[in-house]
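Analysis of the macromolecular model
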Amino acid sequence: MPCRLDATAIPAPPRPSGKPLPAALAWIDDDLAALRAAGLERPHRVRAGRQGREVCLDGQTLLNFGSNDYLGLAGDVRLTKAASKAACAEGFGAGASPLVSGHSQAHELLERALAGLLAVDAALTFPSGFAANTATIAALVGPDDFLASDARNHASIIDGCRLSRGRVGIYPHRDMAALDTLLSQAHSSRRRLIVTDTVFSMDGTVAPLADLCELARKHRAILMVDEAHATGVFGVRGSGLVEETGCADGVHVRVGTLSKALAAAGGFVAGHADMIHWLRHAARAWIFSTAHPPAVAAAATCAITLLSQEPYRRQELLARAAGFRELLSQSGLGVAGATTQIVPIVVGAAEAAVAVATQLAEAGFFVPAIRPPSVPAGKSLVRVSLSWHHTADDLDRLASTITSILRDRADT
Ligand SMILES: Cc1ncc(COP(=O)(O)O)c(C=O)c1O
């Protein structure tokens, strides 16, 4: 039985009570009202128990198509046991930043396991993937440099670019001709950095890695990729899209997260040993933020071991994703062409995406609505994230439910 915490042990804080905000914060009421009017207010859901094929949100059990638990390891007891063992051996809190005394044996083992998985010299772990991106970008480039960033990159890349104080050029999604032009105009910059997701989190498309490597070589640019949604899913070893596409030699900096397919938490950067050593002196989130708990590192190491022992998880996941896309296209639904486990169904207006997600929940499926600022205005979608747990029957039922909801909406 999934273990549930006793939700009555701590009383809930009072819900919005009509108590006015202090004058200095009164603007928040207006801004929240504007979000509400635009259909952009976010729900605050509470999950109970373990997640897997199903998830219990605010007391409602739904088939779970809204998690990044791609390999179905988030509720796996082997990770829990690995974490408990490390917590017993090393205690729970890391106590300090990795620079000072927070880098435990569990972290060291994890960094070695990551370097092995990615077949690189070394890896460095961070408290989150978000921190890994912001800290690494700002450590590699500065005010005299140029950064080229894909228009659909993750928020942590966008924030890292801003933090670097370099000149940022945004190229249209996957547009290599535009990137070439931007880089040609940046030859006087001290350094050039190209940064991209490999699997884009909102629409499941993939970066053209071979072309990116060629442009990086041509313009003597650093190429940094974020494998957050590819780690554990792509490649013969499961290290990501860089491995899958055979582009390891052309990619200088590989960032990933331990929080999605690897079902733990934290982020990492991997590459040349000297670059990693430099980051230990320049990556501020590594120097000034407490390391994540050793137990979390141990759970991530356990998940990496499972990547080699249970390759069928990623193979079956991708086969199911291809089958699901096929089902949708047979029903006449256009799905962005890609082969990933993230399947976006573009609805249009934010309110419409929320309405479709609500109807899906009424039919027993948790499929989140994705709205601005995560996607451009007018391109709101429901995003189906597949997991190894889903059965062929789950996918059949979801495809036919989505199809009939969208048909009914088109008819009215
Ligand atoms: C592409 C991408 N990069 C980085 C992150 C941040 O990773 P983390 O959740 O470990 O902070 C995410 C998502 O959360 C992501 O989707």
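Residues numbered from 1 in each chain as written. Predicted model: local features only at pLDDT ≥ 70, side-chain atom pairs only at ≥ 80, totals over all residues. Heavy atoms only, no water.

**Looking at the nonpolar core**
For the record, the criterion: For this analysis, a nonpolar core means a set of buried residues of the types Ala, Val, Leu, Ile, Met, Phe, Trp, Tyr and Cys, connected via side-chain atoms within 4.5 Å. Three labels apply to residues, based on accessible area from a 1.4 Å probe with only protein chains included: buried if under 20% of the type maximum, exposed if over 50%, partly exposed otherwise in between. Secondary structure follows DSSP: runs of H or I at least 4 residues long count as helices, runs of E at least 2 residues long count as strands, and numbering of each begins at the N terminus. Each domain span listed reflects an automatic or database assignment of domains. Contacts were defined at the residue level, with two residues in contact if any of their heavy atoms lie within 4.5 Å.
By size, the foremost hydrophobic cluster in this structure holds 80 residues, and its most contacted members are Phe 324 and Val 384. Here this core gets 9 residues from one element, more than from any other, and that element is helix α12 (residues 294–309). Counting contributing residues, this core receives three or more from each of domain 1 (43–70 + 312–411) and domain 2 (77–309). In contact with Phe 324, not counting residues within four places along its chain, are Val 343, Val 384, Leu 386, Leu 395, Leu 398, Ala 399 and Ile 402. Ala 122, Cys 161, Val 255 and Ala 282 belong to the second largest nonpolar core, which has 27 residues in total.

**Quick notes on the site of the ligand**
The criterion, for reference: One heavy atom within 4 Å of a molecule or strand makes the whole residue count as near it. A 3.5 Å cut-off defines polar contacts: any pair of N or O atoms within that distance qualifies, except that in protein one atom must be a possible hydrogen donor and the other a possible acceptor, and neighbouring residues in sequence count only when both atoms are side-chain atoms. With residues, only the protein chains shown are counted as cover, and all accessible areas are computed by Shrake-Rupley using a 1.4 Å probe. Three categories are distinguished: nonpolar for Ala, Val, Leu, Ile, Met, Phe, Trp, Tyr, Cys and Pro, charged for Asp, Glu, Lys and Arg, and polar for the others, with Gly belonging to the last.
Around the ligand sit 15 residues in total, of which Gly 129, Asp 226, His 229, Thr 257 and Lys 260 are the nearest. Between the ligand and Gly 129, the relevant distance is 2.8 Å, taken from an oxygen atom to a main-chain nitrogen or oxygen of the residue. Contact with the protein chains covers 84% of the free accessible surface of the ligand, which is 380 Å². Tallied by class, the residues present in the shell around the ligand amount to 2 nonpolar, 10 polar and 3 charged.

**Remarks on unusual backbone geometry**
In this chain, Pro 372 is followed by Pro 373 through a cis amide linkage whose omega measures 10°. Within the secondary structure, Pro 373 sits in the loop between β13 (369–370) and β14 (380–385). One non-glycine residue, Arg 174, adopts positive backbone phi at about 65°. Relative to the assigned elements, Arg 174 resides in the loop between β6 (167–171) and α7 (176–184). Judged by relative accessible area, which is 38%, Arg 174 ranks as partly exposed.

**Some thoughts on the sheet that holds β13**
As a reminder of what qualifies: At least two DSSP bridges between two strands are required for those strands to pair. In this analysis, axes come from line fits to C-alpha atoms, helices being fitted only over the stretch in contact, and the angle between any two N-to-C directions falls in the range 0 to 180 degrees.
Sheet architecture is open: 3 strands sit in the order β11-β14-β13, paired in antiparallel fashion. Two strands bound the open sheet, and with one partner strand each, they are β11 (342–348) and β13. Of the strands in this sheet, β11, β13 and β14 are in contact with helix α14 (residues 350–362), which crosses β14 at around 35°.

**Here's the deal with the pairing of β6**
Which entries qualify depends on this criterion: Look down the strands so they point away from you; if the path from the first strand over the helix to the second goes clockwise, the crossover is right-handed.
Across 5 bridges, strand β5 (residues 146–150) lies against β6 in parallel orientation. When the bridges of β6 are listed, Leu 147 appears paired with Val 168. In this view, the connection linking β5 to its parallel neighbour β6 by way of helix α6 (residues 155–164) has right-handed handedness.

**A closer look at the packing of helix α2 (residues 77–90) against α12**
Filter applied, for reference: To sort the angles, those under 35 degrees are grouped as roughly parallel, those over 145 as roughly antiparallel, those from 65 to 115 as roughly perpendicular, and the leftovers as oblique. Crossing handedness follows the turn of the near helix against the far one: under a right angle anticlockwise gives a left-handed crossing, and clockwise gives a right-handed one.
Viewed as axis vectors pointing N to C, α2 and α12 meet at an angle of 140°, and their least axial separation amounts to 7 Å. When the axes of α2 and α12 are compared, the pair comes out oblique. The way α2 lies across α12 gives a crossing that is right-handed. On α12, the residues that touch Arg 78, Leu 79, Ala 82, Ala 83, Ala 86, Ala 87 and Glu 90 of α2 are Pro 294, Ala 295, Ala 298, Ala 299, Cys 302, Ala 303 and Leu 306.

**Some points on the domain arrangement of the protein chain**
Selection criterion: Here the buried area means the combined drop in accessible surface, using a 1.4 Å probe, for two parts upon being joined, counting both sides.
When its domains are assigned, the protein chain resolves into domain 1 (43–70 + 312–411) and domain 2 (77–309). Computed from C-alpha coordinates alone, the two centres of domain 1 and domain 2 are separated by 27 Å. With 20 residues of domain 1 at the contact, the number on the domain 2 side is 21 residues. Together, the buried faces of domain 1 and domain 2 total about 1600 Å²; carbon and sulfur atoms form 56% of this surface.

**A short note on the sheet that holds strand β12 (residues 365–366)**
Reading across the sheet, the 4 strands line up as β1-β2-β3-β12 and stay open at both edges, with mixed pairing between neighbours. If you trace the sheet from one side to the other, it starts and ends with β1 (47–48) and β12, each paired once. The pairing of β1 with strand β2 (residues 54–57) spans 2 bridges and is antiparallel. Bridge pairing in β2 links Arg 47 to Leu 57.

**A few points about the packing of aromatic side chains**
Worth spelling out the cut-off: In this analysis, rings of Phe, Tyr and Trp, with Trp reduced to its six-membered ring, are considered paired at centre separations within 6.5 Å, and the interplanar angle assigns stacked below 30 degrees, edge-to-face beyond 60, and tilted for intermediate values.
Enumeration according to the criterion identifies 2 aromatic pairs in this entry. For the pair Phe 65 and Phe 365, a centre-to-centre distance of 6.3 Å together with 50° between the ring planes defines the contact as tilted. Of this pair, Phe 65 sits in the loop between β3 (60–64) and α2 while Phe 365 sits in strand β12, placing them 300 residues apart in sequence. Phe 365 gets classed as buried once you look at its relative accessible area, which sits at 2%.

**Remarks on the environment of Ser 149**
Along the polypeptide, Ser 149 turns up in strand β5. The spacing of Ser 149 and Gly 250 is 101 residues in sequence and 17 Å in space, taken between C-alpha atoms. With sequence-adjacent residues up to four places away left out, Ser 149 is seen in contact with Ile 157, Cys 161, Gly 169, Ile 170, Tyr 171 and Val 195.

**Comments concerning α6**
The cut-off we apply is this: Think of the arc as the fan of directions from the helix axis to the C-beta atoms.
Looking at α6, one finds that the buried residues are Ser 156, Ile 157, Gly 160, Cys 161 and Ser 164. Buried residues along α6 cover an arc of 140° about the axis, so they all sit on one side. In α6, the exposed residues that point more than 90 degrees away from the buried face are Arg 162 and Leu 163. Contact partners of the buried residues in α6: α5 (129–140), β5, β6, β7 (192–197) and β8 (222–226).

**A few points about the pattern of salt bridges**
The line we're drawing: Salt bridges are defined as contacts in which a side-chain nitrogen from Lys or Arg sits within 4 Å of a carboxyl oxygen from Asp or Glu.
Inspection of the entire model under this criterion finds 16 salt bridges. For Arg 78, the salt bridge identified is with Asp 76, shortest N-O distance 2.9 Å. A relative accessible area of 32% means that Arg 78 is categorised as partly exposed.

**With respect to the pairing of β5**
Within β5, 5 of the 5 residues are buried, leaving the element largely enclosed by the surrounding structure. Of the two faces of β5, the one carrying Phe 146, Ala 148 and Asp 150 and the one carrying Leu 147 and Ser 149 are both buried. As paired strands, β5 and β7 are joined by 4 bridges and run parallel to one another. Residue pairing across strands places Ser 149 opposite Val 195, the latter belonging to β7.

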